[in-house]
Amino acid sequence: MPLDHILRPITINRLEVKNRIVRASHGTSYGRGTISEDLIAYHEARAKSGVGLNILEATVVHRSSANHTVDAVDDSIIPGFTALARSSERHGMRTFVQLWHGGHRWAPVSGGAPLSASNVPCPLGTVNTPFAMTQDQIDEIIEAFAAAAVRVKTSGLDGVELHFGHGYLVHQFLCPLTNKREDGYGGDLDGRSRFGREMLLAVRDRVGRDYPVGIRISDYNAPGGLTPGEAGEVVHRLCEEKLVDYVSASMGSPYSISTMLGAMDQPAGYMLPSALPIARRADVPTMVAGRYRTLEEGDQAIREGSADMISFVRAMIAEPDLVAKTLAGAPERVRPCIACNQGCVAGIRTALQRMLCTVNPVVGAERTLSEELIRPAEVANKVVIVGGGPAGMEAARLAALCGHKVVLFEAQPKLGGTINIAKRAPKLQTIGDITYWLEQEIYLLGVDVRLSSYADREDVLAEQPDVIIVATGSLPRMDGLQASRPERPIPGFDRPHVLSSHDVLLTPSERLGESALVLDDLGHYEAIAVAEHLIDSGAKVTFVTRHSSFAPHIEAMVRTSPALRRLRRGDFTLHVGGRLIAIDEDSCEVGYLDGEQTWRAPARTVVLVGYNEAQSELYRALGGGTRETRPYALHLVGDANAPRDLLMAIREGHMAGRIQET
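These numbers come from a predicted model, not from an experiment.

Rules behind the numbers
Residues numbered from 1 in each chain as written. Predicted model: local features only at pLDDT ≥ 70, side-chain atom pairs only at ≥ 80, totals over all residues. Heavy atoms only, no water. Helix = DSSP H or I, 4+ residues; strand = E, 2+ residues; numbered from the N terminus. Rg over C-alpha atoms; globule rule 2.2 N^0.38 Å. Buried < 20%, exposed > 50% of the residue type's maximum accessible area, 1.4 Å probe, protein only. Contact = heavy atoms within 4.5 Å. Areas by Shrake-Rupley, 256 points an atom, 1.4 Å probe, with all protein chains shown as cover. Lys, Arg positive; Asp, Glu negative; His and termini not counted. Charge placed at Lys NZ, Arg CZ, Asp CG, Glu CD. Pairing = 2+ DSSP bridges. Axes fitted to C-alpha atoms, helices over the stretch in contact; angles between N-to-C directions. Parallel < 35°, antiparallel > 145°, perpendicular 65-115°, else oblique. Left-handed = near helix turned anticlockwise from the far one by under 90°. Nonpolar A, V, L, I, M, F, W, Y, C, P; charged D, E, K, R; others polar. Salt bridge = Lys/Arg side-chain N within 4 Å of Asp/Glu carboxyl O. Phe/Tyr/Trp six-rings, centres within 6.5 Å; stacked < 30°, edge-to-face > 60°. 1 Å grid on protein atoms, 1.4 Å probe; cavity = no way out; pocket = protein on both sides within 12 Å on 5 of 7 lines; lining within 4 Å. Points joined across faces, edges and corners; volume = space filled by probe spheres on them. Right-handed = clockwise from strand over helix to strand, strands pointing away.

Enquirer: Would you take a moment to explain the overall build of the protein for this structure?
Expert: Summing up its helical and strand segments, the protein has 22 helices and 28 strands in all. Relative to a compact globule of 662 residues, whose C-alpha radius of gyration would be 26 Å, the protein shows 27 Å and is just as compact. If one aligns the C-alpha atoms of the protein with their principal axes, the spans along those axes are about 75 × 70 × 45 Å. The buried share of the protein, taken over its 662 residues, is 61%. Pairs at least 24 apart in sequence give 71% of the contacts found in the protein among residues at least 6 apart. By element, 49% of the accessible surface of the protein is carried by carbon and sulfur atoms, the whole surface being about 25,500 Å². Put simply, the protein has 69 plus and 80 minus side-chain charges, and the middle of one group is 2 Å from the middle of the other.

Enquirer: Quick question: what am I supposed to make of the sheet that holds strand 24 (residues 587-592) here?
Expert: Pairing between sheet strands relies on hydrogen bonds along the backbone, with the strands arranged either parallel or antiparallel. Taken in spatial order, the 3 strands make up an open sheet running 23-24-25, and their pairing is antiparallel. Each of the sheet's edge strands pairs with one partner strand only, and the pair in question is strand 23 (578-583) and strand 25 (598-602). Pairs of neighbouring strands in the sheet enclose a mean axial angle of 35 degrees, with direction left out of account. Relative to strand 25, strand 24 runs antiparallel, the two sharing 5 bridges.

Enquirer: Where do I start with the packing of helix 2 (residues 78-89) against helix 3 (residues 135-155) in this structure?
Expert: The description of two packed helices rests on the angle between their axes and on the distance between the axes. Contact geometry of helix 2 with helix 3 gives a least axis separation of 8 Å together with a crossing angle of 45 degrees. With respect to helix 3, the element helix 2 is oriented oblique. Viewed along their axes, helix 2 and helix 3 form a crossing whose handedness is right-handed. Contact with helix 2, carried on its side by Ile78, Phe81, Thr82 and Ala85, involves Arg151, Val152, Thr154 and Ser155 of helix 3 and no other residues of that element. Of the residues contributing to the contact of helix 2 with helix 3, the split by class is 4 nonpolar, 3 polar and 1 charged.

Enquirer: Even after reading the chapter, I still don't get the pattern of salt bridges, so can you show me in this structure?
Expert: Between side chains of opposite charge, a pair can form when the charged atoms approach closely. What the rule picks out here adds up to 40 salt bridges. For Glu37, the salt bridge identified is with Arg367, shortest N-O distance 3.0 Å. With Glu37 in helix 1 (residues 37-47) and Arg367 in helix 13 (residues 366-369), this residue pair connects regions lying 330 residues apart in the sequence. Judged by relative accessible area, which is 54%, Glu37 ranks as exposed. Since its relative accessible area comes to 43%, Arg367 is described here as partly exposed. Arg566 is paired through a salt bridge with Asp265; the nearest N and O atoms lie 3.5 Å apart.

Enquirer: Could you clarify how one ought to interpret unusual backbone geometry in this entry?
Expert: Keep in mind that most residues, glycine aside, have a negative phi and that most peptide bonds are trans. The residue Asn221 is not glycine, and still its phi comes out positive at about 50 degrees. Positionally, Asn221 belongs in the loop between strand 10 (213-218) and helix 6 (228-240). Here Val558, not a glycine, exhibits a phi torsion of approximately 50 degrees, which is positive. Summarising the element assignment, Val558 is placed in the loop between strand 21 (540-545) and helix 20 (560-567). For Val558, a relative accessible area of 6% puts it in the buried group.

Enquirer: What is the right way to look at the sheet that holds strand 17 (residues 467-470) in this model?
Expert: Pairing is parallel in the open sheet, where 5 strands are placed in the order 16-15-14-17-28. Where the open sheet ends on each side, the last strands, each with one partner, are strand 16 (448-450) and strand 28 (633-636). Going from strand to strand, the sheet's axes swing by 15 degrees on average, the running direction of each strand aside. Sheet topology note: the strand 15 (residues 405-409)/strand 16 ladder contains 3 bridges and is parallel. Looking at the pairing, Leu408 lines up with Val449 of strand 16. Across the sheet, helix 14 (residues 390-401) touches strand 14 (382-386), strand 15 and strand 17, and the angle it forms with strand 15 is around 165 degrees.

Enquirer: What is the right way to read the packing of aromatic side chains from this model?
Expert: The way to describe two aromatic rings as a pair is by their centre distance and the angle between their planes. Using the criterion set out here, one finds 10 aromatic pairs in the structure. Here the aromatic rings of Phe173 and Tyr185 are separated by 6.4 Å at their centres, their planes lie at 75 degrees, and the arrangement is edge-to-face. In this pair, Phe173 is assigned in helix 4 (residues 169-174) and Tyr185 in the loop between helix 4 and helix 5 (189-207), connecting sequence segments 12 residues apart. For Phe173, a relative accessible area of 0% gives the class buried.

Enquirer: Would you mind showing me how to read the environment of Val609 here?
Expert: The topology assignment puts Val609 in strand 26 (residues 605-609). A relative accessible area of 2% means that Val609 is categorised as buried. When the C-alpha positions of Val609 and Ala231 are compared, they lie 44 Å apart, and in sequence the two are 378 residues distant. Contacts of Val609, omitting those with residues within four sequence positions, involve Val518, Leu519, Asp520, Asp521, Leu522, Glu526, Ala527 and Val530.

Enquirer: It is not clear to me how empty space enclosed by the protein should be interpreted in this structure. Could you clarify?
Expert: Once rolled over the atoms, a probe with the size of a water molecule shows which space is left empty. The full count for this structure, using the stated rule, is 3 cavities of 30 Å³ or more. The computed volume of the largest cavity comes to approximately 90 Å³. Contributing to the lining of the largest cavity are 15 residues, with Cys337, Cys340, Cys344, Cys357 and Thr358 lying nearest its centre. Of the residues in the lining of the largest cavity, the class split is 10 nonpolar, 4 polar and 1 charged.

Enquirer: What is the right way to look at helix 8 (residues 272-279) in this model?
Expert: Residues spaced three or four apart along an α-helix point in a common direction, a consequence of the helix completing one turn every 3.6 residues. By the criterion of burial, helix 8 is predominantly enclosed, with 6 of the 8 residues buried. What helix 8 keeps buried is the set Leu272, Ser274, Ala275, Leu276, Ile278 and Ala279. The inward-facing, buried residues of helix 8 contact strand 10, helix 6, strand 11 (246-250) and strand 12 (286-288).

Enquirer: It is not clear to me how the layout of surface pockets should be interpreted in this structure. Could you clarify?
Expert: Looking at the second largest pocket, its volume works out to about 930 Å³. Forming the walls of the second largest pocket are 44 residues, and the residues nearest its centre are His26, Gly27, Tyr168, Leu261 and Ile348. Considered class by class, the residues forming the lining of the second largest pocket number 23 nonpolar, 15 polar and 6 charged.

Enquirer: Is there a simple way to think about the pairing of strand 21 in this case?
Expert: On any regular strand, side chains alternate: one points to one face of the sheet, the next to the other face. In terms of burial, strand 21 is largely enclosed, as 5 of its 6 residues are buried. Note that strand 20 (residues 515-520) and strand 21 share 6 bridges and pair parallel. Pairing of Val518 across the sheet is with Phe543, part of strand 21. Once you follow strand 20 into helix 19 (residues 525-536) and on to strand 21, the crossover reads as right-handed. With 4 bridges joining them, strand 21 and strand 22 (residues 572-575) adopt parallel strand pairing. Looking at strand 22, one finds that Val541 is bridged to Phe572. Each parallel crossover has a hand, and the one from strand 21 via helix 20 to strand 22 is right-handed.

Enquirer: Quick question: what am I supposed to make of the side chain of Ser515 here?
Expert: Its location among the elements puts Ser515 in strand 20. On the basis of relative accessible area, Ser515 is assigned to the buried category, the value being 5%. Setting aside residues no more than four positions away along its own chain, Ser515 makes contact with Ala539, Lys540, Pro602, Ala603, Arg604 and Thr605.

Structure representation (structure tokens):
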């Protein structure tokens, strides 16, 4: 398909951008307040591919709001901005900076009260009650935005974007849910828009009419909140006054954060119901985002009139060379984003506070791990890998890239490992895209793949390997033990209607019965997948978890609320802080971890979602875990090392297969 629309240049103010491929602002936390070498390397890797416009992550303008991204509160940031500008210019990529204040969502580092339009607290983020801003504080914040814009311009960067959306400070003034003021900055839309308008006037006054200034704006996507129509009216009025040079139209707020960061349950372009009514009120170039993964999807969106530019954030986190590979006629070699939100979103929302990528371990470490740095080994080693799941295939891919002779044994008739089961679950089909890509890559690289080949110690050693990588995965334990009550197995755990998650997803729906109980010991997505499969099969589902909340380990991925909404369309009952006391023929006795209350739940099918058992016997047979001297290097990766998740499986496979010397 020709890409006539997305590859066409576009002019913002007087600045020409070489194409309409954009990377909207997104947090990485690589700078921790500065423009670090890691942050520059991350963005430059995408610039090399051919991106037209890049917008730097939320950049703090005033110390009354703290973030772990970039700070532009004083002139010390200018040298870093200049270094970023030079790295972008080398590859013809334009770079803007998003200027930001978190308002009631992000408090100052002192722990004091955050600032906001009114004293309405935020449903997530900071827990402090905000301080309703005085006129002097309003003036001070406006001046801070203008001063930060000057710093960006002075550094040589190409433009600025003011964040008017996603529940941050300006959005809090725009929205009637969070703006209860009775002065000139509240009331009707004119009053609620005044703060943002005065901010743009101040920025324009300081940077001049010829410097690109844009906004990112969204609806609130919440009852009583700022609507797409109202956000569109704000855009219309700002365009009439010629205060903005482009508009990035988006969706959502802290009241609906999953719509800001749609996961694999959402299609490409899912933000358009909110973004289109906003973008269509603009008479300047517009941009939309919404899980676009391919240039073809972006070209179609432009062709259909959705926007003038399309953002590819997560797609280009996963694959920095998306543009280059597509234009070279090899779109099938683009590593796919699976929209799991585990590395990118959860990485910055958990204690790590650093963006990762589940499918691409290089992200954030481009300076040291970029695959461009790999040089073929002077002496090719024989590398034997056992296990063709994601860890084994990534290890094989890297070992082949390093110039080694690679043999991959897989006991099953096809590659993919447990992902072949997981992708059968509702809303999880996309997870299989990465194993499909890995499979194509290792065949293209000449890996000797031996399917339906169970390999024991003798089979492996017969290959005379220099390096052995064991990636044999894990299996459900099904021993009836509960992590919070390990004193004895659950009575009845060995009944024939007690199944693992694997069993459920491989069993025809008509054999699963009209009622089911799911015991979630993990708190991850696995139990959700099982429950949704059962609901879709028509079963009444009782969900019992030992955790104090539903699926807590994926909360940071913003996938729990959408899952609960889907589950509650069926007959679904949730019990947190619970335990399974006994399993009978057609029901279970259930209780709480704290308290003596018990009850019975109907269950013709019982599913135990617990900790898996690593399949590490081959590793031990080859001398793993001992001090004995071996004529080969030996690695244990993925779930065979410790049952965890896809991010760790691919990461460990990558590092084990990256054999530059032995």
